[in-house]
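# What the coordinates show
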Amino acid sequence: MTTAILSALPEEQGSLMHALHQPERIVHAGRSFWRGALYGQPVVLALSGIGKVAAATTATLLAERFGVARIVFTGVAGGLGEGVQVGDVVVARDFLQHDMDASPIFPRWELPGYGLACMPCDTVLTAALFEAASAYLATDEAGFEPKNAAITHRHAARAHQGLIVSGDRFVSTSAESGALRQALAAAGHQVLAVEMEGAAVAQVCHDYGLPFAAVRTISDRADDSAHVDFPHFVTHVASRYADGIVHGLLKKLSK
Ligand code: ADE
């Protein structure tokens, strides 16, 4: 039962690569896939690339060429939900493509051919990932020094579970994130976070019948300071969180 661990950026993958035993590099479609053992479990580590198409290609290769049993995504996201702050962790319950709009033929956000807008994640894998994320946040290793002068104190990081939306845009103004949150809320979707890949991987996993779960650490609030918070967080924090949470998850999966 090989678990694929997907990250969007090399910085997010860093410490996982470090911990990989007997790494073997396989190149397909311009991508490096690293097979090996992580905390006693067979894994393939890969970068999704940035954006939905790159992520879908990588996920398809993991299904077709590597025959993985499940895919777990670790990365960062912009916080959209009220109370979802930098340093918090969001585990996806489901994903929606916020830039999918085939209206008026189909309702806004609905995936044509699927009859739904929200693609659910695997409930069992997601529950294990949420437990692992919560346990990691309770350790001394979690936490970070914020760069944004507006954040004057370290808050106790929280784990959330709910809707994450994906689209081919880095959301970096308060106007855009506010409009997105409001439009989704008006349609009954309470969004927690925004990123650029998860919904595409969820769709590929749905097509292949592969269990999928995703965890995103909040690097910014998708607002006017997102471009400052994001690189700082990715460089200094994301990789540590990914390693801590994935370690906990793989321990659970081995039981
Ligand atoms: N990933 C991390 N922060 C993001 C943002 N603000 N928009 C899209 N993807 C992100």
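From a predicted model like this one, the values you see are computed outputs, not experimental measurements.

## Digging into unusual backbone geometry
- With an omega dihedral of 5°, the bond running from Ser103 to Pro104 counts as a cis peptide bond.
- Along the chain, the position of Pro104 falls in the loop between β6 (89-97) and β7 (119-120).
- One non-glycine residue, Trp109, lies in the positive phi region at around 80°.
- Among the secondary structure elements, Trp109 is positioned in the loop between β6 and β7.
- Note on Trp109: relative accessible area 4%, which makes it buried.

## Some details on the confidence of the model for the chain
- Summarising the model, the chain shows a mean pLDDT of 92, and 95% of its residues fall at 70 or more.
- Across residues 149-153 the pLDDT falls below 50, and counting only partners more than four positions away or on other chains, this stretch makes two contacts in the model.

## A short note on the site of the ligand
- Taken together, 13 residues are adjacent to the ligand, and Gly78, Phe170, Val171, Glu195 and Asp220 come closest.
- Within the side chain of Asp220, an N or O atom sits 2.6 Å from a nitrogen atom of the ligand.
- Every element with two or more residues in the shell around the ligand is listed here: β5 (70-79), β9 (191-195) and β10 (212-220).
- Here the shell around the ligand takes three residues from β5, the largest share from any one element.
- Among the residues making up the shell around the ligand, the classes are represented as eight nonpolar, two polar and three charged.

## Observations concerning the packing of helix α3 (residues 123-137) against helix α6 (residues 226-253)
- α6 packs onto α3 with a crossing angle of 130° between their chain directions and a minimal axis gap of 8 Å. Here α3 lies oblique to α6, going by the angle between them. The two elements α3 and α6 cross, and the hand of that crossing is right-handed. Contacts between α3 and α6 involve Leu125, Ala128, Leu129, Glu131, Ala132, Ala133, Tyr136 and Leu137 from the first element and Arg240, Tyr241, Gly244, Ile245, Gly248, Leu249, Lys252 and Leu253 from the second.
- Here the contact of α3 with α6 is built from residues that sort into 11 nonpolar, two polar and three charged.

## Structural notes on the pattern of salt bridges
- Summed over all chains, the structure comprises nine salt bridges.
- A salt bridge links Arg93 to Asp94, with the nearest nitrogen and oxygen atoms 3.3 Å apart.
- The closest approach of N and O atoms between Arg169 and Glu176, which form a salt bridge, is 2.6 Å.
- For Glu176, a relative accessible area of 23% translates into the label partly exposed.
- One salt-bridge network, in which partners are shared between bridges, spans Lys52, Asp99 and Asp168.

## Re the nonpolar core
- The biggest cluster of nonpolar side chains holds 60 residues, and the ones touching the most others in it are Leu62, Ile71, Phe95, Val201 and Phe212.
- Leu62 has contacts with Ala4, Leu6, Phe33, Val44, Gly67, Val68 and Ile71, leaving out every residue within four places of it along the chain.
- Leu80, Ala117, Cys118 and Ala222 belong to the second-largest nonpolar core, a separate cluster that totals 13 residues.

## A few points about the pairing of strand β2 (residues 21-28)
- In this sheet, strand β3 (residues 31-38) lies alongside β2 in antiparallel orientation, the contact comprising six bridges. Within the sheet, the bridge partner assigned to Ile26 lies in β3 and is Phe33.
- Where β2 folds back onto β3 in an antiparallel hairpin, the turn is made up of two residues, including Ala29, whose phi is positive at roughly 50°.

Parameters and conventions
- Residues numbered from 1 in each chain as written.
- Predicted model: local features only at pLDDT ≥ 70, side-chain atom pairs only at ≥ 80, totals over all residues.
- Heavy atoms only, no water.
- Helix = DSSP H or I, 4+ residues; strand = E, 2+ residues; numbered from the N terminus.
- Buried < 20%, exposed > 50% of the residue type's maximum accessible area, 1.4 Å probe, protein only.
- pLDDT = per-residue confidence, 0-100.
- Contact = heavy atoms within 4.5 Å.
- Near = heavy atom within 4 Å.
- Polar contact = N/O pair within 3.5 Å; in protein donor to acceptor, adjacent residues only side chain to side chain.
- Nonpolar A, V, L, I, M, F, W, Y, C, P; charged D, E, K, R; others polar.
- Axes fitted to C-alpha atoms, helices over the stretch in contact; angles between N-to-C directions.
- Parallel < 35°, antiparallel > 145°, perpendicular 65-115°, else oblique.
- Left-handed = near helix turned anticlockwise from the far one by under 90°.
- Salt bridge = Lys/Arg side-chain N within 4 Å of Asp/Glu carboxyl O.
- Core = buried A, V, L, I, M, F, W, Y, C linked by side-chain atoms within 4.5 Å.
- Pairing = 2+ DSSP bridges.

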